[in-house]
Amino acid sequence: MAPITASTEVARPAQEAFDYVTDPSTMSEWQQGCLRGHMDGAAIRVGSQCKTVRKIGGREREVITEITEYDPPRRWADRGISGPIRAIVAVTVQPIADSSRSRVTIDLDFTGHGIGKLLVPLIVRRQAANEMPDNIKRLKQRLEARH
């Protein structure tokens, strides 16, 4: 299946948009279900781990992803490395016009392992597709409200 894709223009330069959208400590501000997050170290690189705590099925669960692409301020990608449902995320940030604006595009997909093979097509993709428009709207609002 094709990834779930959402895109928005923000009134912020690419570096600022990239830093915000890829910072796990700000993800709870704009991603539904994300409670908190952090990177496993100060230096981010391919192979670094991102840890978030998300509310899934009414319970708090730690989700661990591994950075697979890191090219600031243009591209970030990661993939889940544990659990029955593993997200595959790619963020692309492109400067617009005079570079004071950017376009942020998020591609989201999932792989299922064990019971996740049933849950991804039946529940997870539909729920993520329903949440994505609100998430991208909140991302724009929060990012543009920052000084």
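Predicted model, so just to flag it, every value in this text is computed and none were measured. (Residues numbered from 1 in each chain as written. Predicted model: local features only at pLDDT ≥ 70, side-chain atom pairs only at ≥ 80, totals over all residues. Heavy atoms only, no water.)

Bringing the pattern of salt bridges into the picture now. Inspection of the entire model under this criterion finds nine salt bridges. A salt bridge links R74 to D71; the nearest nitrogen and oxygen atoms lie 3.3 Å apart. Within the structure, one salt-bridge network assembled from shared partners comprises E9, R101 and R103. (Salt bridge = Lys/Arg side-chain N within 4 Å of Asp/Glu carboxyl O.)

Let us now look at the pairing of strand β6 (residues 85-96). Each regular strand carries side chains that alternate between the two faces of the sheet. Summarising the sheet, strand β5 (residues 75-80) and β6 pair through five bridges and their orientation is antiparallel. Counterpart to W76 in the pairing with β6 is V91. What sits between the antiparallel neighbours β5 and β6 is a turn of four residues, in which G83 has the positive phi angle 90 degrees. In terms of strand pairing, β6 meets strand β7 (residues 101-112) through 12 bridges, oriented antiparallel. Bridge pairing in β7 places Q94 opposite R103. (Pairing = 2+ DSSP bridges. Helix = DSSP H or I, 4+ residues; strand = E, 2+ residues; numbered from the N terminus.)

Attention now goes to helix α1 (residues 14-21). Within α1 the residues assigned to the buried category are A14, A17, F18, Y20 and V21. Here the buried residues of α1 occupy an arc of 165 degrees about the axis, which is enough to place them on one side. (Buried < 20%, exposed > 50% of the residue type's maximum accessible area, 1.4 Å probe, protein only. Arc of directions from axis to C-beta.)

On to the side chain of S48, then. Among the structural elements, S48 can be located in the loop between β2 (34-39) and β3 (49-56). Among the residues examined, S48 registers a relative accessible area of 3% and is labelled buried. Not counting chain neighbours up to four residues away, the residues in contact with S48 comprise M39, D40, A43, T65, E66 and I67. (Contact = heavy atoms within 4.5 Å.)

Taking 1.5 Å of rise per residue, 30 residues should cover 44 Å, yet helix α3 (residues 116-145) covers just 37 Å from first to last C-alpha, more than 12% shy of that figure. Those residues of α3 that sit buried are G116, V120, V124, R125, A128, E131, M132, N135, I136, L139 and L143. (Expected span 1.5 Å × (residues − 1).)

Taken together, the side chains of I115, L118, L122 and I123 make up a nonpolar region of the molecular surface, amounting to roughly 400 Å² of accessible area. In this structure I123 comes out as partly exposed when scored by relative accessible area, which is 45%. (Patch = residues over 30% accessible without salt bridge, like charges linked within 9 Å, V, L, I, M, F, W, Y side chains within 5 Å. Areas by Shrake-Rupley, 256 points an atom, 1.4 Å probe, with all protein chains shown as cover.)

This paragraph deals with unusual backbone geometry. In this model, P72 is joined to P73 through a cis peptide bond whose omega is 0 degrees. Here P73 shows up in the loop between β4 (59-71) and β5. Of note in the backbone geometry, A97 takes a positive phi value of approximately 50 degrees without being a glycine. Its location among the elements puts A97 in the loop between β6 and β7. The phi torsion at S99 lies on the positive side, around 75 degrees, for a residue other than glycine. Summarising the element assignment, S99 is placed in the loop between β6 and β7. On the basis of relative accessible area, S99 is assigned to the partly exposed category, the value being 42%.

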